[in-house]
Amino acid sequence: MKIARFSRVGFILAAAGSAVGLGNIWKFPYITGENGGGAFVLVYLVTVLMVGFSIMIAEMLIGYLGRRDGVGSFEAIAPRNKDLWKYAGFMGLAGLFIMVFYSVVIGWIFHYIVVTFTGLPSSVSEAETLFNTMLKEDISTQLFYHTVAFLLITSIVTRGIKGGIERLNLFLMPILFLIVGGMFLYALTLDGFSQAWAFMFEPDWSKLDSDSFVTAVGHAFFTLSLGMGAILTYSASLPKNSDLVKSALIVVALDTGIALVSGLMLFTFLFQYGAEPSAGPGLVFISLPAVFYEMGALGNFFALMFFIALAFAGLTSAVSLVEPMVQYLIDRFNMSRFKASLSMGLFFYLFGIVALLSNTTEFSEALTFGSKNFFDWVDFLTASIMLPLGGLIMAIFVGHVMEKERLESVLRPHFGPFFDLWYFSLRYIAPIALFVVMLNLIGVLEL
Ligand code: TRP
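As a starting point, this report considers the structure included with it.

1. A closer look at the packing of aromatic side chains
Phase 1 of the analysis: With the rule as written, the count across this model stands at 44 aromatic pairs.
Phase 2 of the analysis: Ring geometry for Trp-26 against Tyr-30: centres 5.7 Å apart, planes inclined by 65 degrees, an arrangement best described as edge-to-face. In this pair, Trp-26 and Tyr-30 both sit in helix 2 (residues 22–34), four residues apart, roughly one turn of the helix.
Phase 3 of the analysis: Looking at Tyr-30, the relative accessible area reads 8%, which means it is buried.
Phase 4 of the analysis: Arranged with centres 6.2 Å apart and planes meeting at 40 degrees, the rings of Phe-193 and Trp-197 form a pair that is tilted. Of this pair, Phe-193 and Trp-197 both sit in helix 10 (residues 192–201), separated by four residues, roughly a single helical turn.
Phase 5 of the analysis: Seen from the ring of Phe-222, Lys-27 lies directly overhead, with NZ or CZ sitting 4.5 Å from the centre.

2. Here we look at the nonpolar core
Phase 1 of the analysis: Grouped together as the largest cluster of nonpolar side chains are 173 residues, with contacts concentrated most on Ile-153, Phe-269, Phe-306 and Trp-422.
Phase 2 of the analysis: Ranked by residue count, the leading element in this core is helix 15 (residues 296–333), at 20 residues.

3. Concerning the site of the ligand
Phase 1 of the analysis: Surrounding the ligand, one finds 18 residues, the nearest of these being Ala-19, Gly-23, Tyr-102, Phe-222 and Ser-225.
Phase 2 of the analysis: Ala-19 has a polar backbone atom sitting 3.0 Å from a nitrogen atom of the ligand.
Phase 3 of the analysis: Here Ser-225 contributes a side-chain N or O atom positioned 3.0 Å from a nitrogen atom of the ligand.
Phase 4 of the analysis: Surface burial for the ligand is 100%, taken as the share of its 360 Å² of free accessible area covered by protein chains.
Phase 5 of the analysis: Of all elements in the fold, only helix 1 (8–19), helix 2, helix 6 (93–118), helix 11 (210–223) and helix 15 reach the threshold of two or more residues within the shell around the ligand.

4. Some details on the pattern of salt bridges
Phase 1 of the analysis: One pass over the full model with this rule turns up six salt bridges.
Phase 2 of the analysis: Measuring nitrogen to oxygen at the nearest pair gives 2.8 Å for the salt bridge that ties Arg-337 to Glu-323. In this pair, Arg-337 is assigned in helix 16 (residues 337–358) and Glu-323 in helix 15, connecting sequence segments 14 residues apart. With respect to burial, Arg-337 and Glu-323 carry one shared label: buried.

5. Describing the packing of helix 6 against helix 17 (residues 374–401)
Phase 1 of the analysis: Direction vectors running N to C along helix 6 and helix 17 enclose 130 degrees, while the axes themselves pass 9 Å from each other. With respect to helix 17, the element helix 6 is oriented oblique. For the crossing formed where helix 6 meets helix 17, the hand is left-handed. Across from Ala-94, Phe-97, Ile-98, Val-100, Phe-101, Val-104, Val-105 and Trp-108 in helix 6, the residues of helix 17 making contact are Phe-374, Phe-375, Val-378, Asp-379, Thr-382, Met-386 and Leu-387.
Phase 2 of the analysis: Its residues assigned to classes, the contact of helix 6 with helix 17 comprises 13 nonpolar, one polar and one charged.

About the cut-offs
- Residues numbered from 1 in each chain as written.
- Predicted model: local features only at pLDDT ≥ 70, side-chain atom pairs only at ≥ 80, totals over all residues.
- Heavy atoms only, no water.
- Phe/Tyr/Trp six-rings, centres within 6.5 Å; stacked < 30°, edge-to-face > 60°.
- Helix = DSSP H or I, 4+ residues; strand = E, 2+ residues; numbered from the N terminus.
- Buried < 20%, exposed > 50% of the residue type's maximum accessible area, 1.4 Å probe, protein only.
- Lys NZ or Arg CZ within 6 Å of the ring centre and 35° of its normal.
- Core = buried A, V, L, I, M, F, W, Y, C linked by side-chain atoms within 4.5 Å.
- Near = heavy atom within 4 Å.
- Polar contact = N/O pair within 3.5 Å; in protein donor to acceptor, adjacent residues only side chain to side chain.
- Areas by Shrake-Rupley, 256 points an atom, 1.4 Å probe, with all protein chains shown as cover.
- Salt bridge = Lys/Arg side-chain N within 4 Å of Asp/Glu carboxyl O.
- Axes fitted to C-alpha atoms, helices over the stretch in contact; angles between N-to-C directions.
- Parallel < 35°, antiparallel > 145°, perpendicular 65-115°, else oblique.
- Left-handed = near helix turned anticlockwise from the far one by under 90°.
- Contact = heavy atoms within 4.5 Å.
- Nonpolar A, V, L, I, M, F, W, Y, C, P; charged D, E, K, R; others polar.

As structure tokens, then:
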């Protein structure tokens, strides 16, 4: 079978594009805010290194050696029980589920790009009204932008790895780095910066509980795009003789760098203008627009740049969430790329509409099941259950099922003596961390 190959830079940018997403700019700052700042950041960084990085290499390796979609790759490289292991490849479905709410949120961002032209809200309460009206009442606006997101994402995936995904990332990622970097440099000049620094890097352990640990592991997975075969699928298109260790290091560094830099930048702006750091999911849609308004003309420009960067981050991640199942349909059933992209696109588009409606006053009751509405359920089931489970499966597969010699022959030349450290953390530390997370979840579910 023929799979188009990325260029080396193309792969790094595409993998970084997948990793750097709404998770970094939208989710990381607000969960840091909710979990008290510094201590949480520290736990998160340790998790990224000990668990995220090891699994990133494992996931890359499966695709790199398997050279096909997730299902095909597991099947090809499993030393035994191939028929069973191939089902692990269906973790790619989690990507489509994530897309169900991801596409809706990208839609909100498009709407906010327009809002920066029509006028930012002049106070936090006005910003709150603006956001809540969109979320709870304005079905047509959300539907319109969700449709735009669906069309854009699907048409890029239709153009394939080279012409679609690689080109998109080569173009959007450098712009994203420039915008976030530029705004960060400005934040450095403000007094609020030292407060933001203290908030993010001075740990207050009293704010940390076991839930924070679970959130940190879950987020480490989400932000690095692990546990569902996105990185796996991209790695199937790596050029021959690639250095997986170096690629993984760069991707993890870029992803973590962007999260920290955007966190510092956002908190600087928030502290400078006296807004709340723990504002929850509405942080970038409520507190931030009000802060940008306070900043005057420059703020308006920043708001535009910020939402453009956020949209770019979202789009480059979205294509990686859809691609695994598209690749599966193409590989397995010889489906045309167009048909595969469109059918997977329609899946997240239609369920996305349900997710969007579940936030509205009109339909929320019908679409709330137990403690959460449909939108929140999808978020919870994917980020807290499917991704850690996918990661656990990959850690066990590469760490305990695959032949060690095979891993060594690919990785030892690049890892040197650190190979053993990686192998140990993949075999023991990562699975135990993931297992604890899942145990904790069962506890949460029983409550
Ligand atoms: N990493 C992205 C973010 O931080 C989201 C994402 C893209 C993702 N592809 C993924 C998450 C694959 C898990 C698995 O927003």
